[in-house]
Each structure stands twice: as C-alpha cells, then as structure tokens.
There are 2 protein chains.
Amino acid sequence: MGYVTRWLDDDEQRAWRAFMGASQLVQEELDRQLQRDSGMPHAYYAILVKLSEAPERMLRMSELAAELSSSQSRLSHAVARLEERGWVRREPCAADKRVSWAVLTERGLTVLAAAAPGHVEAVRQSLFDLLDPEQVRRLTEICTAVLDRAKAGGAGEPGRRKG
Amino acid sequence: MGYVTRWLDDDEQRAWRAFMGASQLVQEELDRQLQRDSGMPHAYYAILVKLSEAPERMLRMSELAAELSSSQSRLSHAVARLEERGWVRREPCAADKRVSWAVLTERGLTVLAAAAPGHVEAVRQSLFDLLDPEQVRRLTEICTAVLDRAKAGGAGEPGRRKG
DNA sequence: CTCATATGCTTGAGAGTTCAAGTAAGGTGG
DNA sequence: CCACCTTACTTGAACTCTCAAGCATATGAG
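What you see is a predicted model, and the numbers here were worked out from it, not measured in a lab.

As for the sheet that holds strand β1 (residues 58-60) of chain A
All names here are of chain A.
Moving on, step 1. If you walk across this open sheet you meet the three strands as β1-β3-β2, and the pairing is antiparallel. Each of the sheet's edge strands pairs with one partner strand only, and the pair in question is β1 and β2 (88-92). Averaged over all pairs of adjacent strands, the angle between their axes in this sheet comes to 30°, without regard to strand direction.
Moving on, step 2. Here five bridges tie β2 to strand β3 (residues 100-104), and the two strands are oriented antiparallel to one another. Across the sheet, the residue bridging to Val-88 is Leu-104, located in β3.
Moving on, step 3. Along the sheet, helix α3 (residues 61-68) makes contact with β1, β2 and β3, crossing β1 at roughly 95°.

A look at the protein's contact with DNA strand D
Moving on, step 1. Not every one of the 24 residues close to DNA strand D is listed here, only the nearest: Ser-62, Gln-72, Ser-76 and Arg-90 of chain A together with Ser-73 of chain B.
Moving on, step 2. Between DNA strand D and Ser-100 of chain A, the relevant distance is 3.0 Å, taken from a phosphate oxygen to a main-chain nitrogen or oxygen of the residue.
Moving on, step 3. One nitrogen or oxygen atom from the main chain of Lys-97 of chain B is found 2.9 Å from a phosphate oxygen belonging to DNA strand D.
Moving on, step 4. For the surface near DNA strand D, the secondary structure elements donating two or more residues are α1 (10-38), α3 and α4 (72-84) of chain A together with α2 (42-53) and α4 (72-84) of chain B.
Moving on, step 5. Here the residues of the surface near DNA strand D sort into five nonpolar, nine polar and 10 charged.

As for the confidence of the model for chain A
Moving on, step 1. Of the residues in chain A, 92% have a pLDDT of 70 or more, and the chain-wide mean is 92.
Moving on, step 2. Confidence drops under pLDDT 50 across residues 154-163 of chain A; counting only partners more than four residues distant or on other chains, this segment forms 13 contacts.

So, the side chain of Arg-138 of chain A
Moving on, step 1. Its place among the elements puts Arg-138 of chain A in helix α6 (residues 133-151).
Moving on, step 2. Not counting the four nearest positions on each side in its chain, Arg-138 of chain A is found in contact with Arg-138, Glu-141 and Ile-142 of chain B.

Points about the interface of chain B and chain A
Moving on, step 1. Each side of the interface is counted separately: chain B has 59 residues, and chain A has 59 residues.
Moving on, step 2. Its largest share of buried area at the contact with chain A, chain B owes to Trp-16, Phe-19 and Arg-124 of chain B, together 11% of the area lost on that side.
Moving on, step 3. Inspection of the region where chain B meets chain A yields eight salt bridges.
Moving on, step 4. Residue Glu-53 of chain B pairs with Arg-17 of chain A through a salt bridge whose shortest N-O separation is 2.8 Å.
Moving on, step 5. The interface formed by chain B and chain A holds 15 residue pairs in polar contact (both at pLDDT 80 or more) in total.
Moving on, step 6. Where the side of chain B that touches chain A is concerned, the elements lending two or more residues are α1 (10-38), α2, α5 (106-126) and α6 (133-151) of chain B.
Moving on, step 7. By residue number, the principal contributor to the side of chain B that touches chain A is α1 of chain B, which donates 19 residues.

Notes on the nonpolar core
Among soluble globular proteins, nonpolar side chains are generally buried collectively.
Moving on, step 1. Counting 46 residues, the largest nonpolar core has Trp-16 of chain A together with Trp-16 of chain B as the members making the most contacts within it.
Moving on, step 2. Listed by contribution, the elements that provide at least two residues to this core are α1, α5 (106-126) and α6 of chain A together with α1, α5 and α6 of chain B.
Moving on, step 3. Each residue touching Trp-16 of chain B, except ones within four places of it in the same chain, is listed here: Val-26, Leu-30, His-119, Val-123, Leu-127 and Phe-128 of chain A together with Leu-8 of chain B.

Some thoughts on the relation of the copies chain B and chain A
Moving on, step 1. Superposition of chain B onto chain A requires a rotation of 180° combined with a translation of 0.0 Å along the rotation axis, giving an RMSD of 0.0 Å. What we have between these two chains is a two-fold relation. Considering only C-alpha atoms, the part of chain B nearest the rotation axis is Ser-23 of chain B, at 2.7 Å.
Moving on, step 2. Take the interface residues of chain B: 100% of them recur as interface residues in chain A, which is what a same-surface contact looks like.

Notes on unusual backbone geometry
Moving on, step 1. Of note in the backbone geometry, Ser-69 of chain A takes a positive phi value of approximately 50° without being a glycine.
Moving on, step 2. Following the sequence through the fold, Ser-69 of chain A ends up in the loop between α3 and α4.

Notes on the packing of α2 of chain B against helix α3 (residues 61-68) of chain B
Residue and element names in this part refer to chain B.
Moving on, step 1. Where α2 meets α3, the axes come as close as 10 Å, and the angle between the chain directions of the two elements is 115°. In terms of crossing hand, the pair formed by α2 and α3 is right-handed. Here α2 contributes Ala-46, Ile-47, Lys-50 and Leu-51 to the contact with α3, which in turn contributes Leu-64, Glu-67 and Leu-68.
Moving on, step 2. For the contact of α2 with α3, the per-class residue count stands at five nonpolar, no polar and two charged.

The rules behind each value
Residues numbered from 1 in each chain as written. Chains lettered and ligands numbered in written order. Predicted model: local features only at pLDDT ≥ 70, side-chain atom pairs only at ≥ 80, totals over all residues. Heavy atoms only, no water. Pairing = 2+ DSSP bridges. Helix = DSSP H or I, 4+ residues; strand = E, 2+ residues; numbered from the N terminus. Axes fitted to C-alpha atoms, helices over the stretch in contact; angles between N-to-C directions. Contact = heavy atoms within 4.5 Å. Near = heavy atom within 4 Å. Polar contact = N/O pair within 3.5 Å; in protein donor to acceptor, adjacent residues only side chain to side chain. Nonpolar A, V, L, I, M, F, W, Y, C, P; charged D, E, K, R; others polar. pLDDT = per-residue confidence, 0-100. Buried area = accessible area lost by both parts, 1.4 Å probe. Salt bridge = Lys/Arg side-chain N within 4 Å of Asp/Glu carboxyl O. Core = buried A, V, L, I, M, F, W, Y, C linked by side-chain atoms within 4.5 Å. Buried < 20%, exposed > 50% of the residue type's maximum accessible area, 1.4 Å probe, protein only. Least-squares fit on C-alpha atoms with pLDDT ≥ 70 in both. Left-handed = near helix turned anticlockwise from the far one by under 90°.

What follows is the structure, given as structure tokens:
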C-alpha cells in the first residue's frame, strides 16, 4: 500500500468531468423521455428490446442478464414488474428446472413498437444530432475500447462471474 | 404527428450501444468502488468534492444542485443523509431566510481525503488506462459538445429552469 | 400595505437497484 | 445413493432517486 496517488492532471480532469457529465445527462434524458411518454424506465425498455431481438422472442433469465450487463437480482425484480403489466411472461424450462425463460408477449411487443419511435428521436436529439460522422466513429472506437477490457476479465463487473 | 421515424443505421446502433454500455459500466464500477471502500455512492462523493472546492467550503443548496446537474430534491435528500453522518452541516442564511448553506465539515473533509486516492485509481482503471492521449482529447471534445447543447437550453434538464 | 406570484428548499410516497440470503435443481466424488 | 458444491433464480430489506406537493420567505403590482 505504499502508493503515491497519481492525481488527474488538468486535461484528465476535464475529460473525466465531461465524460461523466455527458453520460449522466444522456442517461437521464432518455430515462425521463421513456418514463414520461411510455411509462417505463430505460432499463425496462432495454429488456423488451433484447427479448424482441431474440429467437422466438424469448431468452433464459441468465442470458438476458448477461446481454444487458445486469445483475440477476435486478433483472428478476424488473421482469416481475413487466410480468404484472403483461408485457413479459415467464415459462419454466423442461430440460433444466432451475431455468426460467422470459418471453415477450404480444402486448409487450405492441408497447415496444409504440415506444420505439419516440425513443429513437430522443436518442438523436441527445447524441447524434450533436456530432458529425467522424465524431461518431471516434466515440464508437473509444467506448468499445472501454467495454472490451470489461469483457476481457477486468475487475468487478455486475452480474458476471469471472471465468 | 405524421412523422416517419428515422431509425438508427448499423453504425449508429453500434455507436449507441457502445456509448450506453461504456457509460453504464464506468458509472457502476465507480459507484461500487466508492460504496465498497468508502461507504458512499458516487453522488455523495461528488457533493463532497464540490463543497471542498468552494470558497469557505460552503455553497447554497441551489448552487450546489446546479453545479452537480442534480435536482434540488435529490440534493436535499442526499445532504440530509450526509448531515446524519456528520460530513456536511447546514447553515441558515441571514440575508435571505429561504436559503440554506451546505458546509463541508472537518470530518467530511477527512473522509473525502481518505476516499479520493482509491477513487482516482478506479477512474484510471476504468477509463484513462484504456485510452491513449489522442483518444482522451477526442472524448473530451465529443462529451463537451453533448454537454454544451444542454447548457444552451436544450429540452428537459433536471433541476434547472430555462432562462 | 396587501394580495398574488415566484423562489428556495423540504417532505412523503412510490419505484428501482443493490446486497446478502435463501430456495431449488443439476452435477460429482466417494 | 448421499453428501457436497455449483448453478439459476428469487426474495427481503435498506437505500437512493423521482415526482408531486407542501412550507416559508421574498418580490412586485395595485
């Protein structure tokens, strides 16, 4: 523990605050838009999207959690709420009785279809309308680099076990 | 509204998911690190930092909220908790009795000083160690562009009034 | 001066997230 | 076939955040 802390220099400070600020801002804008216009938080929207893209529109809870980088606990609570609303249904798995499938219902698909246009519009306003194509390319590259480390087994990702 | 939705193309999809993924990942890593090592969420840490940088280590609640891009409600709840821990103290304002000052206590400063090195280390691991200086420069530019629109009076920022 | 409105902040209820336990089922070595 | 560990998922309590009201104090119009 005999470290001397390497503080952030001015450029790093600026970068850090800009990144955190932009992250927070975009997240909150999206969350607010979805809550206001479609009555769901962004996390729930993301669940519906993932299910809609899956074969048969169903995924095992653990797969779904992994795809969303979400903890199993969070997903379990969320799917419970989505089930109450009739947007998602759970089905037991015959082959492995521990597993449960999350299935997007017709009603869930309808709700998602209704929510999507407004969401996309909000995404454009929060991000893409503000950046030129070159910036978008760079942002993708940078964020991918950040994400790759996590997948490569960095410390402390939620809902994942190292392996 | 007779709009035809302009969906995201493949590049935009990738950019969007990378950005959201990286934002979420970094936020959660930082939150977890601070919670684990210093027993506070990142939002509370940010409050302590802002106060520590202010003259006399004190700010009016509304100023503090504005600097943090936080709603007044959130800040009020948070400061209540920080007060219970003795890290922050509230003081009434003689000139305007509606105002209350949030003041960083000695104990709060000590806690912040103890938390900071681990936090900075986590920031490096989550972000700066993964990027070269040119990428950091680009990230700053991009995030600043995203933030500037909000300050320039975009729709729906939390805890702010337009004007 | 007085009433209406705006401002600064707080409060309470409802919701989502987290962490730590807890249940149940699958797999394995003896 | 029986303990034992792992895997898949759920549950409950504590905590934070949000939204909508709710005070109390300025401020301005008449």
